[in-house]
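A closer look at the structure
Spelled out from the first residue to the last, the chains are:
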Amino acid sequence: SRMEADLRRALGAGEFELHFQPLVDVRTGAVTAAEALVRWRHPEQGLVSPADFIPLAEETGLIAPLGAWVLHTACLQAASWPSDIKVAVNLSPVQFRDDGLPQAVADTLRATGLEAGRLELEITEGVLLDGEERTLAMLTKLRGIGVGLAMDDFGTGYSSLSYLRRFPFSKIKIDRSFVSLLPDDAESAAIVRAIITMGAGLGMATTVEGVETAEQYAFVAAERCGQVQGYHVSRPLPAAAFLGFLSGLE
Ligand code: G
Ligand code: G
Ligand code: MN
Ligand code: NA
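On a predicted model such as this, the values are computed, not experimentally measured, just so you know. Per chain, residues are indexed from 1 in the order of the written sequence. Chains and ligands are labelled sequentially in the order written, the chains with letters from A and the ligands with numbers from 1. A pLDDT threshold of at least 70 governs which residues receive local features in this predicted model, and a stricter bar of 80 or more applies before side-chain atom pairs are shown or counted, although totals over entire chains, interfaces and linings include all residues.

Numbered from the N terminus, helices here are DSSP runs of H or I no shorter than four residues, and strands are runs of E no shorter than two. The span one expects for a helix is its residue count, reduced by one, times 1.5 Å. Over its 16 residues, helix α3 (residues 63–78) runs 22 Å from end to end, which matches the ideal 22 Å to within 8%, given 1.5 Å per residue. Neighbour density around each residue's C-beta defines its exposure: 20 or more other C-beta atoms within 10 Å make it buried, 12 or fewer make it exposed, and counts between make it partly exposed, where C-beta atoms are placed from the backbone. All buried positions along α3 are accounted for by Ile63, Leu66, Gly67, Val70, Leu71, Ala74, Cys75 and Ala78. Down the axis, α3 shows its buried residues gathered within 155° of arc, on one side only. Here the arc refers to the directions that run from the helix axis out to each C-beta atom.

Here it is, written out as structure tokens:
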């Protein structure tokens, strides 16, 4: 297709960039991490959302070079940040299906000089459908490298609580669909509270996504989630603006 050719061209032309959305520790208010979110700076269409090109990249196999670029660039940039700040990178289920992934992650850490403990890989529940043995082997290899593993969009799709027990995740990211009706909606409040409690009981960090208001922030902070991510703290920012945010200049 035309967009496929355009996507291929864009990779060569260096039209992709990463934006970074801060994650804040609710106890200290400090930024502890940033999630890398890819954007396509298209010469005619302007900034294109990944929702509009990741699916095509997955269908065409272009996600392999694009995902490698994202991982390398996120690690390289994070290596220049203060050493207490981690970077989180989203992995497509297609990348997860590649047996070479653990080696590629280890190679990227070595090439960029980023300490393994500062990289967190975000995985959606979809990858867990590939087969339990293979998934467990892959996750175990990745954890063996020393990177963090976050279960992204938790609570959507085919979540099973047993996944959390069986697989070595270090973090749960509570999907923003559970946050949008907080703090007034009793059902949402009960679900968010229960997931935070469960994460704590399983020794996993929890990040609440999609926190847009001061009231939502206060609710999840009172429930003692680990971190908060959302427009109330900051939108995803270009690299330079993220560094400005860190220094309190924004
Ligand atoms: O930032 P936002 O609206 O634009 O992202 C939309 C979707 O694209 C989200 O589901 C997000 O996880 C996904 N996404 C953003 N960056 C990446 C990336 O680098 N790789 C993959 N696989 N998905 C990404
Ligand atoms: O699917 P994943 O959780 O990786 O992607 C995060 C998505 O959520 C990105 O598209 C990001 O831009 C978006 N996002 C981040 N914070 C907020 C928020 O506070 N509200 C909404 N509606 N979206 C958000
Ligand atoms: Mn994510
Ligand atoms: Na998410």
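Picking up after the structure, the text goes on.
This paragraph deals with the pairing of strand β4 (residues 86–90). Here β4 lies mainly inside the structure; five of its five residues are buried. Neither face of β4 is exposed, since Lys86, Ala88 and Asn90 on one face and Val87 and Val89 on the opposite face are all buried. Both strand β2 (residues 31–42) and β4 contribute to a ladder of four bridges, which runs parallel. In the strand pairing of β4, alanine 33 is matched with lysine 86. Should DSSP find at least two bridges between two strands, the strands are regarded as paired. Relative to strand β5 (residues 119–123), β4 runs parallel, the two sharing four bridges. Paired with asparagine 90 across the bridge in β5 is glutamate 122.

A word on the confidence of the model for the protein chain. Confidence in the prediction of the protein chain, expressed as mean pLDDT, is 94, and 99% of residues score 70 or more. Confidence estimates for the predicted assembly give a pTM of 0.97 and an ipTM of 0.97. Think of pLDDT as the predictor's per-residue confidence, scored from 0 to 100.

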